[in-house]
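Reading the structure
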Protein chains: 2
Amino acid sequence: MEQIPILKVGRCLLVSIQIDMHDKLAMALQDDLTQKLVDTRARGVLIDISALDLVDSFIGRMLSNIAAMARVLDAQTVVVGMRPQVAITLVELGLTLTGIHTALDVDKGLALINRLIDDPDGGSGAGGAQ
Amino acid sequence: MEQIPILKVGRCLLVSIQIDMHDKLAMALQDDLTQKLVDTRARGVLIDISALDLVDSFIGRMLSNIAAMARVLDAQTVVVGMRPQVAITLVELGLTLTGIHTALDVDKGLALINRLIDDPDGGSGAGGAQ
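This report concerns the structure included in the present document. Nothing here was measured: the structure is a model prediction, and the numbers come from that model.

1. Points about the environment of A:His22
All names here are of chain A. Following the sequence through the fold, histidine 22 ends up in the loop between strand S2 (12-16) and helix H1 (23-40). Judged by relative accessible area, histidine 22 falls into the partly exposed class, the value being 36%. The sequence separation of histidine 22 and isoleucine 117 amounts to 95 residues, and the corresponding C-alpha distance is 31 Å.

As structure tokens, this is what we get:
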């Protein structure tokens, strides 16, 4: 079962990360996601991390990589469901999620992506756009 | 990380099952899901099983239980993303997913739930309604 499902919801792809990430799984996710972006012509990627109780530099880099890949494929990436403790730890560790927008939950994330699609440069008002 | 995230998407709750289910996890999922149905007043439950390569009688019973619980809480349950091999095995094992509607993917599942909400008794046209 070592595969992370990618669900199409409207114009977006939704990924819910529930299992411990390691190198190979992260690579497979990046492959699958970029392939599915091309196949479905989705315009957004929603990554739910509500199951993660720690976001370390490895996960952070993976998220940034996914956002960068999605961007060149003309899609916006929003991370949703971050736990309060994860936000605290991120700041304490000095990690920045470069190029990643954040939203509280999936509904708000979908709304943010729709705004970003319509106005790619003006989306920094909501969430933690960087 | 032994907790299955429940995501609110519009009027529905979306559950993506990615890890091996066991008794305790299934009980926890039922508890979380019913609690969240009440908290969010959601009208539908979408269960994505695209990561499962086997649906045995235990998973089948859990899905049926969730559907029955959701029904008394005024919500419709649709299972999405079933692999072809899983469908074959289900029939070969003689398992029936009692009370469960099915749809090919999340988008079709959301559309089916919206139809079922508007017309709870007439939804047997699409998917594998029973």
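2. Points about the relation of the copies chain B and chain A
Turning chain B through 180° and shifting it by 0.0 Å along the axis lays it on chain A, with an RMSD of 0.0 Å. Taken together, these values place the two copies in the relation of a two-fold axis. Taken together, the interface assignments show that 100% of the residues at the interface of chain B recur at the interface of chain A, consistent with an identical surface on both copies.

3. So, the sheet that holds strand S1 (residues 6-9) of chain B
Residues and elements named next belong to chain B. Across the sheet, which stays open at both edges, the 5 strands sit in the order S1-S2-S3-S4-S5 with mixed pairing between neighbours. Of all strands in the sheet, those bounded by a partner on one side alone are S1 and strand S5 (101-103). Across the sheet, the mean angle from the axis of one strand to that of its neighbour is 30°, orientation sign disregarded. Pairing analysis gives 3 bridges linking strand S4 (residues 76-80) to S5, with the strands arranged parallel. Following the sheet pairing, valine 80 is matched in S5 by alanine 103.

4. Notes on the environment of A:Asn65
Residues and elements named next belong to chain A. Note on placement: asparagine 65 falls in helix H2 (residues 57-72). Residue asparagine 65 is classed as partly exposed on the basis of its relative accessible area of 33%. Put simply, asparagine 65 and glutamine 76 are 11 residues apart on the chain and 12 Å apart in space, counted from C-alpha to C-alpha.

5. Section: a nonpolar patch on the surface
A surface patch of nonpolar side chains, about 270 Å² in accessible area, is lined by A:Val38, A:Val72 and A:Leu73. Topologically, A:Leu73 is positioned in the loop between H2 and strand S4 (76-80).

6. A word on unusual backbone geometry
Look at A:Asp74: it is not a glycine, yet its phi comes out positive at around 65°. Even without being a glycine, B:Arg41 presents a positive backbone phi close to 55°.

7. As for the sheet that holds strand S3 (residues 44-48) of chain A
Residue and element names in this part refer to chain A. As summarised here, the arrangement of the 5 strands in space is S1-S2-S3-S4-S5, forming an open sheet in which the pairing is mixed. Every other strand in the sheet has two partners, leaving strand S1 (6-9) and strand S5 (101-103) as the edge strands with one partner each. When strand polarity is set aside, the average angle formed by the axes of neighbouring strands in this sheet is 30°. Bridge analysis of S1 against S2 gives 4 bridges, and the strand direction is antiparallel. When the sheet's bridge partners are listed, leucine 7 is paired in S2 with leucine 14. Across the face of the sheet, H2 comes into contact with S3 and S4 while running at roughly 150° to S4. Packing of helix H4 (residues 106-118) onto the sheet brings it into contact with S1, S2, S3, S4 and S5, and relative to S4 it is tilted by some 160°.

Rules used throughout
- Going along each chain's sequence as written, the residues are numbered from 1 onward.
- In the order they appear in the text, chains get letters beginning with A and ligands get numbers beginning with 1.
- Reporting of local features is limited, given that this is a predicted model, to residues whose pLDDT is at least 70; pairs of side-chain atoms are given and counted only at 80 or more, and all residues count toward the totals for whole chains, interfaces and linings.
- Side-chain measures were taken over the full set of non-hydrogen atoms in the model, leaving aside hydrogen atoms and water.
- Under the DSSP-based scheme used, a helix requires at least four consecutive residues in state H or I and a strand at least two consecutive residues in state E, with every element numbered from the N terminus.
- Categorising residues by exposure relies on relative accessible area from a 1.4 Å probe, with only protein chains included: less than 20% of the type maximum marks a residue as buried, more than 50% marks it as exposed, and the intermediate range marks it as partly exposed.
- Least-squares superposition of the copies uses the C-alpha atoms of those residues scoring a pLDDT of at least 70 in each of them.
- Contact between two residues is taken to exist if any of their heavy atoms lie within 4.5 Å; hydrogens are not considered.
- Whether two strands pair depends on DSSP finding at least two bridges between them.
- Axis lines are fitted to C-alpha atoms, over the contacting stretch for helices. Their N-to-C directions set the angle, which ranges from 0 to 180 degrees.
- Distance thresholds for patches are 9 Å for like charges and 5 Å for nonpolar side chains (Val, Leu, Ile, Met, Phe, Trp, Tyr), applied to residues having over 30% relative accessible area and no salt bridge.
- All accessible-area figures derive from a Shrake-Rupley calculation using a 1.4 Å probe, and residue coverage is judged against the displayed protein chains alone.
- Just to be clear on terms, a salt bridge is a Lys or Arg side-chain nitrogen sitting within 4 Å of an Asp or Glu carboxyl oxygen.

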